[in-house]
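Below are the chains, spelled out letter by letter.
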Amino acid sequence: MPQLQITCLGAFQVLLDDERVTAFPTDKARALLVYLAAEGQAHTRTALAQLLWAGYSEESANNSLRQTLHRLRQLLRDAEAELPWLLITRHTVQINPNAPINVDVSRFTKLIEVCYSH
């Protein structure tokens, strides 16, 4: 089963099945992927659009989010994956918690929590 690995600490890197993904269309596409992966929970489309396109009209921000999600799904070959990387509904977006995704920030956070609990 393919794995998605996201490295944020140090140089940003995304590996999909050990193949480097480099064709991110925008910095906001990268930011959206990292935010969804690090947070791990569902976010409303409205909240994501306001977060990434603050100052834009609601229609423009929602359109930008829709386009960015479409490009991310293409880049990650979401339609071909056994489990989609992104779970997208009309109202929410989240990283698939059942997909094999490895995020260095999440690992680091868990290690910090373990250290504080001992």
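Below is a short write-up of the structure.

The rules behind these values
Residues numbered from 1 in each chain as written. Predicted model: local features only at pLDDT ≥ 70, side-chain atom pairs only at ≥ 80, totals over all residues. Heavy atoms only, no water. Phe/Tyr/Trp six-rings, centres within 6.5 Å; stacked < 30°, edge-to-face > 60°. Helix = DSSP H or I, 4+ residues; strand = E, 2+ residues; numbered from the N terminus. Core = buried A, V, L, I, M, F, W, Y, C linked by side-chain atoms within 4.5 Å. Buried < 20%, exposed > 50% of the residue type's maximum accessible area, 1.4 Å probe, protein only. Contact = heavy atoms within 4.5 Å. Salt bridge = Lys/Arg side-chain N within 4 Å of Asp/Glu carboxyl O. Disulfide = S-S within 2.5 Å.

If you walk through the whole model with that rule in mind, you get 1 aromatic pair. Measuring from ring centre to ring centre gives 5.7 Å for F12 and F24, while their planes differ by 70 degrees; the resulting arrangement is edge-to-face. Here F24 lies in the loop between β3 (19–21) and α1 (27–39) and F12 lies in the loop between β1 (4–7) and β2 (13–16), a separation of 12 residues in the sequence.

Let us look at the nonpolar core. With 28 residues, the main nonpolar core has F24, L32 and L33 as its most contacted residues. Going through the elements one at a time, β1, β2, α1, α2 (45–52), α3 (58–75) and β6 (92–95) are the ones with two or more residues in this core. Sequence-distant contacts of F24, defined by excluding residues within four places in its chain, comprise F12, V14, A29, R30, L33, L72 and L75.

Located in the positive-phi region is D17, a residue other than glycine, with phi close to 55 degrees. Mapped onto the elements of the fold, D17 is located in the loop between β2 and β3. At R77, a residue that is not glycine, the phi angle is positive and equals roughly 50 degrees. Summarising the element assignment, R77 is placed in the loop between α3 and β5 (86–88).

Here we take up the environment of H118. As for its placement among the helices and strands, H118 is situated in the segment after α4 (104–117). The class of H118 is exposed, set by a relative accessible area of 78%. Measuring from C-alpha to C-alpha, the distance between H118 and S106 comes to 19 Å, with 12 residues separating the pair along the chain.

Moving on, we get to the pattern of salt bridges. Inspection of every chain in the model, using the stated rule, returns 2 salt bridges. As a salt-bridge pair, R30 and D27 come within 2.1 Å of each other at their nearest N and O atoms. With R30 and D27 both in helix α1, this residue pair falls 3 residues apart, about one helical turn. Residue R30 is classed as partly exposed on the basis of its relative accessible area of 26%. By relative accessible area, D27 is classed as exposed at 56%. With a closest N to O distance of 2.9 Å, D78 and R73 form a salt bridge.

Inspection of every chain in the model, using the stated rule, returns 0 disulfides. For C8, which is in no disulfide, the shortest distance to another cysteine sulfur is to C115 and amounts to 20 Å. The class for C8 is partly exposed, based on a relative accessible area of 21%.

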